[in-house]
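Below, each chain spelled out in residue letters.
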2 protein chains.
Amino acid sequence: MTVQESGAEPRSAGMKDVAAAAGVSLGTVSNVLNRPDRVSPATRAKVEAAMAELRFVRNESARQLRAGRSRVLAYVMLDGSNPFFTDVAAGMEDAADAAGEGDLSLFLCNSAHQPSREAAYLGRLEQQRVQGILITPVDPDAPLLHEIAHRGTPVVVVDRTPGGTAHCSVAVDDVYGGEIAVRHLIEQGHDRIAFIGNHTTVGQVRDRRLGALRALRAAGLEPDHLVDLTTTALTVADGRGAGERLAGLPASIRPTAAFCANDLVALGLLQTCANLRMRVPEDLAIVGYDDIEFAAAAAVPLTSVRQPRRRLGRTAVELLLAESEPGHEHRQVVFTPELVVRASTLH
Amino acid sequence: MTVQESGAEPRSAGMKDVAAAAGVSLGTVSNVLNRPDRVSPATRAKVEAAMAELRFVRNESARQLRAGRSRVLAYVMLDGSNPFFTDVAAGMEDAADAAGEGDLSLFLCNSAHQPSREAAYLGRLEQQRVQGILITPVDPDAPLLHEIAHRGTPVVVVDRTPGGTAHCSVAVDDVYGGEIAVRHLIEQGHDRIAFIGNHTTVGQVRDRRLGALRALRAAGLEPDHLVDLTTTALTVADGRGAGERLAGLPASIRPTAAFCANDLVALGLLQTCANLRMRVPEDLAIVGYDDIEFAAAAAVPLTSVRQPRRRLGRTAVELLLAESEPGHEHRQVVFTPELVVRASTLH
DNA sequence: CCTCCGGATTGAAAGGTTTCACAAATCTGG
DNA sequence: CCAGATTTGTGAAACCTTTCAATCCGGAGG
């Protein structure tokens with residue numbers, strides 16, 4: 001009963017072949033695929049048998065060509081090895097699964113901070129006529145994003161607040177996040193606090209620092225109670241380096257607490273403390289940012305500012321899907337972060 | 001000079017429109033795109049101007065339809081939030097960039113351990129006629145993979161060793177990895193060693209444990225010098241739990257060292273030690289597996305078995321691209337892991 | 001002046017699916 | 001047994017690009 005025994009695959013079978021094998025017309029095969037209820041059970045069975053026999057695989061390119069748009073969403077992530085972004089992506093997957101009824105896939109693209117790679121992905125995605133692009137861009141104000149949106153592919157900016165209102169976006173209130181972190185430290189009795197991060201280069205970090213200053217002001221402390229330890233990036237190594245500089249300060253002016261621009265930095269700092277026998281939180285209290293899984297898993301569990309990562313991702317997808325609705329207006333959604341207090345700040 | 005001012009985009013321009021606008025034939029536009037040297041500078045300029053004017057975006061679906069194959073690779077990853085896999089993916093990106101001359105993109109799909117999601121992605125990718133699929137499967141012996149490969153889409157299995165020789169694969173020698181880990185512990189004077197992991201359910205973990213036993217045997221120790229603390233998965237929480245069980249053992253039989261099936265478990269164990277005031281490595285030496293970035297960044301930097309993660313990814317892509325060569329034979333590449341010794345095992 | 005040549009351009013076919021107006025077959029109820 | 005409604009099935013057009021054989025043209029060589 002098998003149809004062929006030769007080893008070499010004939011060029012893969014299309015609907016035309018299926019139609020011929022089943023003795024029906026092309027249109028009927030299409031109906032079996034797309035509107036099974038419009039076709040009698042008997043013919044449907046015949047067609048399905050033929051499809052199995054011929055190992056028919058639907059040709060997505062042809063479908064898309066006809067349809068004009070694909071059923072694919074893509075997230076161009078800034079850094080695939082940062083747990084923060086993978087969690088955001090997980091939220092997107094959930095939303096895509098839920099919304100698409102199995103008919104919507106999410107592809108991930110990692111720009112790894114490289115503008116050229118980001119541009120290459122964007123170009124490919126646009127040519128692919130994807131249903132929409134989610135992106136945490138290297139540069140939130142790059143004109144390419146506007147162009148793409150303007151040419152008709154919906155774009156949602158994630159975890160960045162683009163200057164204008166040209167796209168939908170989701171973000172977290174970083175000023176507030178900085179504020180609650182430092183307010184907590186002040187409440188714990190600290191009044192000389194290190195800020196560790198690259199606030200001169202990254203907008204997010206600048207905002208967190210502004211929040212820190214606001215908390216000081218609210219407590220009646222001068223801005224110089226915030227001691228800047230500037231890093232070049234936000235890696236564990238940067239945290240270690242900052243820790244050494246911190247330890248090198250004379251005890252009279254050394255901060256008793258540190259607010260780190262992200263958890264990686266905080267973990268690096270924590271490691272230096274362990275090396276130098278500084279006790280956490282007794283000698284130095286530490287607050288991180290992001291509340292990645294490893295923050296809770298550290299030797300001294302880290303107090304951290306939690307961002308609703310999965311929620312961020314889910315919302316981004318929802319905004320994206322809403323773009324196709326008739327009278328769509330771009331929305332800027334801002335979430336509020338939350339302080340998670342753990343041992344690194346509690347005596 | 002602009003062509004239209006109305007707000008609504010007319011359905012996006014195709015090559016036909018460009019040809020009309022430039023006053024040339026369709027074929028010429030195609031030549032400008034694909035074989036620019038075959039076209040005179042003058043006409044090329046005209047055509048390029050028209051493309052810019054009309055905001056022409058090439059339609060990838062139509063290209064693919066004609067070409068029969070796309071220039072996309074995809075990695076279906078088992079767990080997007082495990083740094084191990086994101087590093088493997090980074091290696092793949094490098095290789096794809098290098099090999100494709102900007103003409104090959106890698107998309108990431110996260111199955112998150114869910115067979116249904118994995119199957120959905122595989123179906124979509126096959127229908128998309130991607131150039132090849134890289135996958136760390138939920139179940140390495142699932143028949144679906146064979147079917148796909150058999151229907152003509154190249155498949156490379158990553159970090160798993162499928163039973164047969166039906167695909168190319170890249171993996172790491174887990175038996176050897178287990179062996180060097182435990183040999184190291186033995187050399188440090190330990191002779192009662194805990195093994196922490198889910199070796200009954202995961203092939204990789206089973207192999208690591210086999211290696212551990214082999215090291216014991218080589219040192220003339222009985223297998224019962226390995227104390228199994230079985231976990232349900234390999235998370236930080238599992239590590240914490242195992243740590244508590246370990247601490248609960250009577251001192252007379254309590255192991256003085258632990259070999260953890262991955263770094264997450266080791267980090268969890270380390271945290272419990274910190275809580276319970278067990279010193280590492282004095283009271284308990286710890287070896288992890290994978291050497292993720294956080295292993296080095298832990299409060300007590302972890303000794304760990306390093307897998308060549310990026311190399312794994314690069315090689316996988318190379319194997320995949322080699323599949324299209326004429327007389328291709330499937331290859332099983334196995335890498336050798338390497339022990340990275342840090343403070344968690346050194347007095 | 002004619003032929004031939006090579007570079008530039010053209011036109012048509014092909015690739016696999018979806019859609020839609022339409023034909024055929026079957027059923028409803030009078 | 002018939003008109004009309006309903007259910008099934010058909011055929012052709014359309015989607016946009018690439019490819020390739022064929023045509024066109026100006027110029028070189030005879």
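Residues numbered from 1 in each chain as written. Chains lettered and ligands numbered in written order. Predicted model: local features only at pLDDT ≥ 70, side-chain atom pairs only at ≥ 80, totals over all residues.

### A word on the interface of chain B and chain A
Filter applied, for reference: Any two residues are considered in contact once their C-beta atoms, placed from the backbone, lie within 7 Å. Numbering of helices and strands runs from the N terminus; a helix is a DSSP stretch of H or I covering at least four residues, while a strand is a stretch of E covering at least two. Each residue is assigned to one class: nonpolar for Ala, Val, Leu, Ile, Met, Phe, Trp, Tyr, Cys and Pro, charged for Asp, Glu, Lys and Arg, and polar for all the others, Gly among them.
Contact with chain B, which involves 47 residues of that partner, is made by 47 residues of chain A. Breaking the side of chain B that touches chain A down by element, the ones donating at least two residues are helix H4 (60-67), helix H5 (83-100), strand E2 (105-110), helix H6 (115-127), helix H11 (263-275) and helix H12 (293-296) of chain B. With 6 residues, the single largest contributor to the side of chain B that touches chain A is H5 of chain B. Considered class by class, the residues forming the side of chain B that touches chain A number 21 nonpolar, 15 polar and 11 charged.

### A few points about the sheet that holds strand E12 (residues 338-340) of chain A
Residue and element names in this part refer to chain A. We count it as follows: Any two strands with at least two DSSP bridges between them are considered paired. Note on geometry: axes are C-alpha line fits, over the in-contact stretch for helices, and angles between N-to-C directions span 0 to 180 degrees.
Sheet architecture is open: 6 strands sit in the order E7-E6-E8-E9-E10-E12, paired in mixed fashion. Pairing within the sheet leaves two strands with one partner each, and these edge strands are strand E7 (226-230) and E12. Within this sheet the neighbouring strands show an average axis-to-axis angle of 20°, counted without direction.

### Comments concerning the relation of the copies chain B and chain A
The condition that has to hold: In this comparison the copies share one frame, found by least squares on the C-alpha atoms of residues holding pLDDT of at least 70 in both.
Of the transformation placing chain B onto chain A, the axial shift is 0.1 Å and the rotation is 180°, giving an RMSD of 0.1 Å. What the rotation and shift describe, once combined, is the action of a two-fold rotation axis. Looking at the interface residues of chain B, 100% of them are also at the interface in chain A, so both copies use one shared face.

### Some details on the protein's contact with DNA strand C
So the rule is basically this: In this analysis, residues qualify as near a molecule or strand once their C-beta atom, positioned from backbone atoms, comes within 6 Å of it.
As a structural note, the neighbourhood of DNA strand C is formed by 28 residues, with Gly14, Met15 and Ala62 of chain A together with Ser25 and Gly27 of chain B the closest of them. Those elements giving two or more residues to the surface near DNA strand C turn out to be helix H1 (15-22), helix H2 (26-34) and helix H4 (60-67) of chain A together with helix H2 (26-34) and H4 of chain B. Across the surface near DNA strand C, the residue classes tally to 11 nonpolar, 11 polar and 6 charged.

### What about the protein's contact with DNA strand D?
The local shell around DNA strand D holds 25 residues, among which Ser25 and Gly27 of chain A together with Gly14, Met15 and Ala62 of chain B are the closest. Those elements that provide at least two residues to the surface near DNA strand D are H2 and H4 of chain A together with helix H1 (15-22), H2 and H4 of chain B. If one sorts the elements of the surface near DNA strand D by residue count, H2 of chain B sits on top with 5 residues. Of the residues assigned to the surface near DNA strand D, the class counts are 8 nonpolar, 11 polar and 6 charged.

### A closer look at H4 of chain B
Let me state the cut-off plainly: With C-beta atoms placed from the backbone, a residue counts as buried when 20 or more other C-beta atoms lie within 10 Å of its own, as exposed when 12 or fewer do, and as partly exposed for counts between those limits. Arc, as used here, means the arc of the directions from the helix axis to the C-beta atoms.
Looking only at H4 of chain B, the buried set comprises Glu60, Ser61 and Gln64 of chain B. Projected down its long axis, H4 of chain B shows its buried positions confined to an angular sector of 100°, all on one face. Where the residues of H4 of chain B are buried, they touch H4 and helix H6 (115-127) of chain A.

### Brief notes about the packing of H1 of chain B against H2 of chain B
Residue and element names in this part refer to chain B. Using the following cut-off: Between 65 and 115 degrees an angle is taken as roughly perpendicular, under 35 as roughly parallel, over 145 as roughly antiparallel, and anywhere else as oblique.
Contact geometry for H1 and H2: axes closest at 8 Å, N-to-C directions at 105°. Compared by their axis directions, H1 and H2 come out roughly perpendicular. Residues Met15, Lys16, Val18 and Ala19 of H1 touch H2, and the partners they reach there are Leu26, Thr28, Val29 and Ser30. Counted by class, the contact of H1 with H2 contains 5 nonpolar, 2 polar and 1 charged residues.

### Considerations on H2 of chain B
Residue and element names in this part refer to chain B. For H2, every residue scored as buried is listed here: Thr28, Val29 and Val32. In an axial view of H2, the angular spread of the buried residues amounts to 100°, which keeps them on one side of the axis. Every exposed residue of H2 that faces more than 90 degrees away from the buried side is listed here: Gly27 and Asn34. On its buried face, H2 is in contact with H1 and helix H3 (41-54).

### Some thoughts on the pairing of strand E10 (residues 303-306) of chain A
All names here are of chain A. Pairing analysis gives 4 bridges linking strand E9 (residues 285-290) to E10, with the strands arranged parallel. Across the sheet, residue Val287 finds its bridge partner in E10, namely Thr303. In this sheet, E12 lies alongside E10 in antiparallel orientation, the contact comprising 3 bridges. Residue pairing in the sheet places Val305 in a bridge with Leu339 of E12.

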